[in-house]
Amino acid sequence: MEPSSGSSDAGPAVPPVAAVLPAGGSGERLGGATPKQFCAVQGRPLVSYTVRAMERIGWISDIIVVVSPENIETMKSIIEKYGHKRVTVVKGGITRHRSIFNGLKVFAENEFSNHLLQKPEVVIIHDAVRPFVEEDILSKVVMAAKEHGAAGAIRPLVSTVIASAADGCLDHSLERARYRASEMPQAFLFDIIYEAYQQCTDYDLDYGTECLHLALKYCKTNAKLIEGTADLWKVTYKRDLYAAESIIKDNLSQQVCVITDVKEVVAQVGSLLHEYLQSQIKVEAMSASLSKNDSHLQNILSGHCYNFVCLNDKKCAIQETQQLVDVLEKSNVPLLYPVVLILVHLDVSENISFSVGMEELTRIKKFAREVKKKNILVYGLLIQYK
């Protein structure tokens, strides 16, 4: 379900939803000189995956990334390199809560932004090192926050929590079934969470970690708790980077972009293919001429799609395919992972010639050998019918 704030295409019926991503951690537990949010996973910084997850959701109007002062330029270069949109970089504080507070201030205080962004009705707070958040859980916490004032994702405790006494011996343990682990994302009515941060003490700002607690403590707002999925985990240790890379590779293999020519016959075949594939994998579908600078295609590429099926009925499809290859090269996508490009040529001519079809396939084979050097794997399929 999509929040009633609407999408980027239709004007929002109510003030928009915004997201604040604290990304100011030092990565001390990860080890190494590079903070975990900037560590490369499949050649791309971890924070970029999280920004992309938010960016793909049309009803999120602004994405605020809060980083430490020394990493502001690094974050800006990531935004430029990967073509992120609707993103504002904000200087963080010395603690998590102070960084989040700075992120909220761009909607309320001029000193933190060249111009105030439109104040949202609801603001999402989500860690920049939790890259696998999906629209479904974001929508659930936003809708719950609209109703209850605050909401957050939770997960069952994996281990029993115990307390130790001053002498280092066991004092007591908690009944695991009664407790839950607080996760991200969390969402709040903006006025509630901003008021909570304005009222909280220096001790809260310096030692606190739980935003839901601030809303309860200072605004008497009882958060609605939403059961989250297993993929909400946070990259904390080095081993988590390897796990993240494995998940990203698996996700890439389960995504395909189907590009069809604008002609009716090809569009019909493309629609049937899209319908069939959708039951198996995640599919992006578009109908456009590759010879045009299509913004939808650029948007798909910015999300790092690695599998393409191109359908057309042209006698010489290589030229348009070359234009797609050129776009892929400019996006640097093939540098990170092999791209699979399947060319499906539909021969709808009255006079079907086997020799002409073989000539077309021969051209595709030659083209495939050339682009393989660029880490692009091309396969050709010729379908002849009256």
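As annotated in an unreviewed UniProt entry, the chain is D-ribitol-5-phosphate cytidylyltransferase from Stercorarius parasiticus. The annotation that UniProt attaches to the chain under Subcellular location (unreviewed entry) is "Cytoplasm, Cytosol". As stated in UniProt under Pathway (unreviewed entry), the record for the chain gives "Protein modification; protein glycosylation."

Chemist: Give me the lowdown on the sheet that holds strand β5 (residues 87-91), citing residues and values where you can.
Modeler: Pairing within the open sheet is mixed, and its seven strands lie in the order β5-β4-β1-β6-β10-β7-β11. Either end of the sheet is taken by a strand with one partner, and the two such strands are β5 and β11 (224-227). If you compare each strand with its neighbour and ignore which way they point, the axes differ by 25° on average. Alignment of strand β6 (residues 122-125) against strand β10 (residues 180-189), held across four bridges, turns out to be antiparallel.

Chemist: Describe in detail the pairing of strand β1 (residues 17-22), supporting the description with residues and values.
Modeler: Counting buried positions along β1 yields six of six residues, so the element is predominantly enclosed. Neither face of β1 is left uncovered, since the one carrying V17, A19 and L21 and the one carrying A18, V20 and P22 both have all their residues buried. Of the pairings in the sheet, the one linking β1 to strand β4 (residues 60-67) comprises six bridges and is parallel in character. Counterpart to V17 in the pairing with β4 is I60. With four bridges connecting them, β1 and β6 associate as parallel partners. In the strand pairing of β6, V17 is matched with V122.

Chemist: Outline the packing of helix α3 (residues 96-105) against helix α5 (residues 190-199), listing residues and values.
Modeler: One way to put it is that α3 packs onto α5 with a least axis distance of 10 Å and a crossing angle of 130°. If you check the angle between α3 and α5, you find them oblique. Considering only the axes of α3 and α5, their crossing is left-handed. Here H97, I100, F101, L104 and K105 of α3 lie close against α5, whose contacting residues are F190, I193, Y194, Y197 and Q198. Broken down by class, the residue content of the contact of α3 with α5 amounts to seven nonpolar, two polar and one charged.

Chemist: Give me the lowdown on unusual backbone geometry, citing residues and values where you can.
Modeler: For residues besides glycine, phi is generally negative; the peptide bonds are generally trans as well. The omega torsion of the bond from M184 to P185 falls at 10°, within 30 degrees of zero and hence cis. Take P185: it is sitting in strand β10. Even without a glycine there, the phi angle at K220 is positive, about 55°. Within the secondary structure, K220 is located in the loop between α7 (211-219) and β11.

Chemist: Pulling in residues and values, what's your account of the pattern of salt bridges?
Modeler: Per the counting criterion, the structure on display carries 10 salt bridges. Here K140 ties to D136 by a salt bridge, and the two come within 3.3 Å at their closest N and O atoms. Within this pair, K140 and its partner D136 are both found in helix α4 (residues 135-148), separated by four residues, close to a single helical turn. Of the charged contacts in the structure, one is a salt bridge between D204 and K217, with a shortest N-O distance of 3.3 Å. You can see D204 sitting in helix α6 (residues 202-207) and its partner K217 sitting in helix α7, a full 13 residues away along the chain.

Chemist: So what's going on with the packing of α5 against α7? Residues and values would help.
Modeler: A pair of packed helices can be characterised by two numbers: the angle between their axes and the separation between those axes. Contact geometry for α5 and α7: axes closest at 9 Å, N-to-C directions at 80°. In terms of axis orientation, α5 runs roughly perpendicular to α7. On the side of α5, the interface is formed by I192, I193, E195, A196, Y197 and Q199, while α7 contributes C211, L214, A215, Y218 and C219. Class assignment for the residues of the contact of α5 with α7 results in nine nonpolar, one polar and one charged.

Chemist: Which residues make up helix α11 (residues 318-331), and what are the values?
Modeler: Counted at 1.5 Å a residue, the expected span for α11 with its 14 residues is 20 Å, and the 20 Å between its end C-alpha atoms agrees. For α11, the complete set of buried residues consists of I318, E320, T321, L324, V325, V327 and L328.

Chemist: Requested: an account of the state of the cysteines, with residues and values cited.
Modeler: What the rule picks out here adds up to zero disulfides. Of the cysteine sulfurs around C211, a residue in no disulfide, the closest is that of C200, at 9.9 Å. Looking at C211, the relative accessible area reads 0%, which means it is buried.

Chemist: I'd love a proper account of α4, names of residues and values included.
Modeler: Because each turn of an α-helix spans 3.6 residues, side chains separated by three or four positions end up pointing in the same direction. The end-to-end C-alpha distance of α4, which contains 14 residues, comes to 20 Å, matching closely the 20 Å that a straight helix rising 1.5 Å per residue would cover. Within α4, burial applies to I137, L138, S139, V141, V142, A144 and A145. Those residues of α4 that are buried are in contact with β1, α1 (46-55), β6, β7 (150-156), β10 and β11. Of the residues flanking the end of α4, it is G149, one or two places downstream, whose phi is positive at about 95°.

Chemist: An account of the nonpolar core is requested, with residue identities and associated values reported.
Modeler: If you look at the biggest cluster of nonpolar residues, it comprises 36 residues, and the most contacted ones within it are V47, M54, W59, I60, V65, M75 and I124. Contributing elements (two or more residues each) for this core: β1, α1, β4, α2 (72-81), β6, α4 and β7. A total of six residues in this core trace back to one element, the largest contributor, which is α4. With residues up to four places along the chain from it excluded, the contact list for M54 reads A19, L21, I60, I63, R86, I124, H126, V133 and L138.

Chemist: Describe the environment of L205, with residues and values.
Modeler: Tracing the sequence through the fold places L205 in helix α6. Among the residues examined, L205 registers a relative accessible area of 6% and is labelled buried. C-alpha separation for the pair L205 and S99, spaced 106 residues apart in sequence, amounts to 9.2 Å. When near neighbours in sequence (up to four residues on either side) are disregarded, L205 contacts T95, H97, R98, F101, Y197 and C200.

So, how was this worked out
Residues numbered from 1 in each chain as written. Predicted model: local features only at pLDDT ≥ 70, side-chain atom pairs only at ≥ 80, totals over all residues. Heavy atoms only, no water. UniProt positions renumbered as here; feature names shortened; annotations may be inferred. Pairing = 2+ DSSP bridges. Helix = DSSP H or I, 4+ residues; strand = E, 2+ residues; numbered from the N terminus. Axes fitted to C-alpha atoms, helices over the stretch in contact; angles between N-to-C directions. Buried < 20%, exposed > 50% of the residue type's maximum accessible area, 1.4 Å probe, protein only. Parallel < 35°, antiparallel > 145°, perpendicular 65-115°, else oblique. Left-handed = near helix turned anticlockwise from the far one by under 90°. Contact = heavy atoms within 4.5 Å. Nonpolar A, V, L, I, M, F, W, Y, C, P; charged D, E, K, R; others polar. Salt bridge = Lys/Arg side-chain N within 4 Å of Asp/Glu carboxyl O. Expected span 1.5 Å × (residues − 1). Disulfide = S-S within 2.5 Å. Core = buried A, V, L, I, M, F, W, Y, C linked by side-chain atoms within 4.5 Å.

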